[in-house]
Every structure is written in structure tokens, then in C-alpha cells.
Amino acid sequence: MPTRWSCFEKINNVLELINTSDGSHTIKHHGLNETYHSTHGAIQESRHVYIEQGLHYYINQRHPKSIRILEIGFGTGLNALLTMIDDGAREIKKAYHTVEAFPLTDDILNQLNYPDQLGKEAQLGFSKLHKAPWNEDIEAGKNFTIHKINADIRSLKLSGEPYDLIYFDAFAPKIQPEIWGKSVLTTVIGVMSKEGILVTYCASGQFKRDLKSLNMQVEEVSGPPGKRVMTRAHRLRK
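All figures in this text were calculated on a predicted structure; none of them were measured in a lab.

Reading the values: the criteria
Residues numbered from 1 in each chain as written. Predicted model: local features only at pLDDT ≥ 70, side-chain atom pairs only at ≥ 80, totals over all residues. Heavy atoms only, no water. Helix = DSSP H or I, 4+ residues; strand = E, 2+ residues; numbered from the N terminus. Rg over C-alpha atoms; globule rule 2.2 N^0.38 Å. Contact = heavy atoms within 4.5 Å. Pairing = 2+ DSSP bridges. Axes fitted to C-alpha atoms, helices over the stretch in contact; angles between N-to-C directions. Parallel < 35°, antiparallel > 145°, perpendicular 65-115°, else oblique. Left-handed = near helix turned anticlockwise from the far one by under 90°. 1 Å grid on protein atoms, 1.4 Å probe; cavity = no way out; pocket = protein on both sides within 12 Å on 5 of 7 lines; lining within 4 Å. Points joined across faces, edges and corners; volume = space filled by probe spheres on them. Nonpolar A, V, L, I, M, F, W, Y, C, P; charged D, E, K, R; others polar. Buried < 20%, exposed > 50% of the residue type's maximum accessible area, 1.4 Å probe, protein only. Arc of directions from axis to C-beta. Core = buried A, V, L, I, M, F, W, Y, C linked by side-chain atoms within 4.5 Å.

A.B. asks: What is the right way to look at the overall build of the protein in this model?
C.D. replies: Broken down by element type, the protein carries eight helices and eleven strands. For 238 residues, the compact-globule estimate of 2.2 N^0.38 gives 18 Å, and the C-alpha radius of gyration of the protein, at 17 Å, lies within 12% of that figure. C-alpha extents for the protein along the principal axes are approximately 45 × 45 × 35 Å. For the protein, long-range pairs separated by at least 24 residues make up 66% of all intrachain contacts whose partners lie at least 6 apart in sequence.

Here you go:
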């Protein structure tokens, strides 16, 4: 019997571009009946969850000169784009690694309106992000390098310097339960720095219990439009 993950590969041609409430696009996968971003606002959601509650929170707490970020689920590249052009992190060196098993095709990516919504800098940045070759370190903007990893996170062996900030942005647990399971979480948490932080739109009970069992301090914070809460988790010092 095929897993839900393998089904995604087989029906990856049933994608539709749709408008969200803030005017920005998302993509609906009709085979999974799931969207890549919130229909209440794609840019609003990404900015709230990953930039404000993740990137800005980490900067305010740690005052770093550099940040290493790992994203689970590159998707449309919106989280990477917002991180690259963010004014609050402009002078901080950012090494951004992102994992994606099923990259979107150029014909879909070229229709996304994020560059128009976010301004001139985003237009150039969006192009650089998506033209960057996979599995290489590429300088895509000021103080911003990206390394896109074309792989399945379940079998990926992560190594190298630890990550300070994790953007966990896979499809919802009901769609990809194995990505949110304890095995993947163990891998991800294992490559976090001692003061690392994980943020995600997801607030499911089992996910939070698994994080706690892996020595993470879990908190619920206000969610983006259309969602009451999201999750932020801190790695506990040993």
C-alpha cells in the first residue's frame, strides 16, 4: 500500500494557484485537498509564524551576529524570501538551509505574485532563490546564503554546524504524519544549537507531546489570521 508521501509524488500535477485574503498567492494541491499556505493570507501567515515569532524572537533573545536556519519544506520559497529581505535581520549573517523532496516546477513558480506584493528587492531575491542550484551553497542576497537540499527529510543525514532556528513548515500532520513524527523530530532536534528555537504553524497535541519528550520547552503563542495558536519550542540546556 502506498504511503501518503508517495501519493504526493504521483499526483504532483494537480496544483492550482489561488488568491488568499491578503492578496498573495498560495497553491492548492487538489489531490491532497491541502494548500501550501493559509488561505487567510499566505504572506501574513509566513511573516507572523516564521519571521515575527521565529527570526525576530531569536534575534531579540540572543542578539546574534549570525544565524543558521533550517527549514523543513521549501515549497514556494516564501519563508526564505521573507527571511532574506527582512529589515530586522539585514545586518546579521544568515545561512539558510532548506529541505524539499518535491520541488515545484518553474511554470508554477513564475506565476506566484510574491515579488509584486513585496517590492523590488523581492523581485530579484525571488528569482535568485529559485534559480539557485540544488545541493550547493549560493549567495543569494546581502548577508544571506542558501543551500537547497533536494531530499526526503526522513532519510536525510544532517551534519555540520548546528542550527539556531528551525522553520518546520511541512504539510499538516493529517497529510504527512510521518514528517511530524518522533523519528524526524529526533533528527531535527539533534542538529539544533544548545539555545535553538523551533517554530511552526502546527499546534497539535501529539506534536507538542513529542517535542516535550525530546527535551524541548514548548509554548503556545498567538497564531496568524485564521488560527488561534501556533507552536514555539526551545531546546532545553543540559
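A.B. asks: Would you mind showing me how to read the sheet that holds strand 1 (residues 15–19) here?
C.D. replies: What links the strands of a sheet is backbone hydrogen bonding, and the strands pair in either a parallel or an antiparallel sense. An order of 1-2-3 is seen for the three strands of this open sheet, with the pairing classed as antiparallel. Two strands bound the open sheet, and with one partner strand each, they are strand 1 and strand 3 (34–35). By the bridge criterion, five bridges tie strand 1 to strand 2 (residues 25–29) in an arrangement that is antiparallel. If you follow Asn19 over to strand 2, its bridge partner there is His25.

A.B. asks: Sorry if this is basic, but what is going on with the packing of helix 2 (residues 42–62) against helix 3 (residues 78–85) here?
C.D. replies: Axis angle and axis distance: for two packed helices, these are the angle between their axes and the distance between the axes, and together they describe the pair. Between helix 2 and helix 3, the shortest axis-to-axis distance is 10 Å and the interhelical angle comes to 55 degrees. On the basis of the axis angle, helix 2 is oblique to helix 3. The element helix 2 and its partner helix 3 pack so that their crossing is right-handed. When helix 2 is examined against helix 3, the residues Ala42, Ile43, Ser46, Arg47, Tyr50, Ile51 and Leu55 are found in contact with a partner set consisting of Leu78, Asn79, Leu82 and Thr83.

A.B. asks: Looking at this structure, how should I read the sheet that holds strand 10 (residues 216–222)?
C.D. replies: Ordered by their spatial adjacency, eight strands build an open sheet running 6-7-5-4-8-9-11-10, and the pairing between neighbours is mixed. With one partner strand each, in any of the chains shown, strand 6 (137–141) and strand 10 form the two edges of the open sheet. For this sheet, the mean angle separating the axes of adjacent strands, direction not counted, is 20 degrees. The pairing of strand 10 with strand 11 (residues 229–235) spans seven bridges and is antiparallel. Residue Glu219 lies in a different strand from strand 11, and its bridge partner there is Arg232. Against the sheet, helix 2 makes contact with strand 4 (66–72), strand 8 (163–168), strand 9 (192–200), strand 10 and strand 11, and its axis sits at roughly 155 degrees relative to strand 9, the strand it touches most.

A.B. asks: Before we go on, may I ask you to explain the layout of surface pockets in this structure?
C.D. replies: To find leftover empty space, one rolls a probe the size of a water molecule over the atoms. What the largest pocket holds in volume is close to 670 Å³. Lining the largest pocket are 38 residues, and of these Glu34, Thr35, Ala170, Phe171 and Tyr201 sit closest to its centre. Mapped by element, the contributors of at least two residues to the lining of the second largest pocket are helix 4 (106–109) and helix 6 (120–131). The dominant element in the lining of the second largest pocket, judged by the number of residues it contributes, is helix 6, at four residues. Partitioned by chemical class, the residues of the lining of the second largest pocket number four nonpolar, three polar and two charged.

A.B. asks: What should I look at first to understand helix 8 (residues 205–213) in this one?
C.D. replies: Each α-helix winds once per 3.6 residues, and so residues spaced three or four apart point in a common direction. Within the sequence span of helix 8, burial applies to Phe207, Lys208, Asp210 and Leu211. Down the axis of helix 8, the buried side of the element spans an arc of 160 degrees, and every buried residue falls inside it. Of the exposed residues in helix 8, the ones pointing more than 90 degrees away from its buried face are Arg209 and Lys212. Those residues of helix 8 that are buried are in contact with helix 7 (182–190), strand 9, strand 10 and strand 11. Backbone geometry just downstream of helix 8 places Asn215 in the positive-phi region, at approximately 65 degrees.

A.B. asks: How do you make sense of the nonpolar core when you look at a structure like this?
C.D. replies: The tendency in soluble globular proteins is for nonpolar side chains to be buried side by side. Grouped together as the largest cluster of nonpolar side chains are 76 residues, with contacts concentrated most on Leu55, Leu81, Tyr114, Leu118, Ile146, Tyr167 and Phe168. For Leu81, the contacting residues outside a window of four places in its chain are Tyr114, Leu118, Ala122, Gly125, Phe126 and Leu129.

A.B. asks: Can you help me understand the packing of helix 7 against helix 8 in this one?
C.D. replies: Viewed as axis vectors pointing N to C, helix 7 and helix 8 meet at an angle of 45 degrees, and their least axial separation amounts to 10 Å. By the criterion of interaxial angle, the relationship of helix 7 to helix 8 is oblique. For helix 7 against helix 8, the interelement crossing comes out right-handed. Side by side, helix 7 and helix 8 meet where Lys182, Leu185 and Ile189 of the first sit next to Phe207, Asp210, Leu211 and Ser213 of the second. A per-class count over the contact of helix 7 with helix 8 returns four nonpolar, one polar and two charged.

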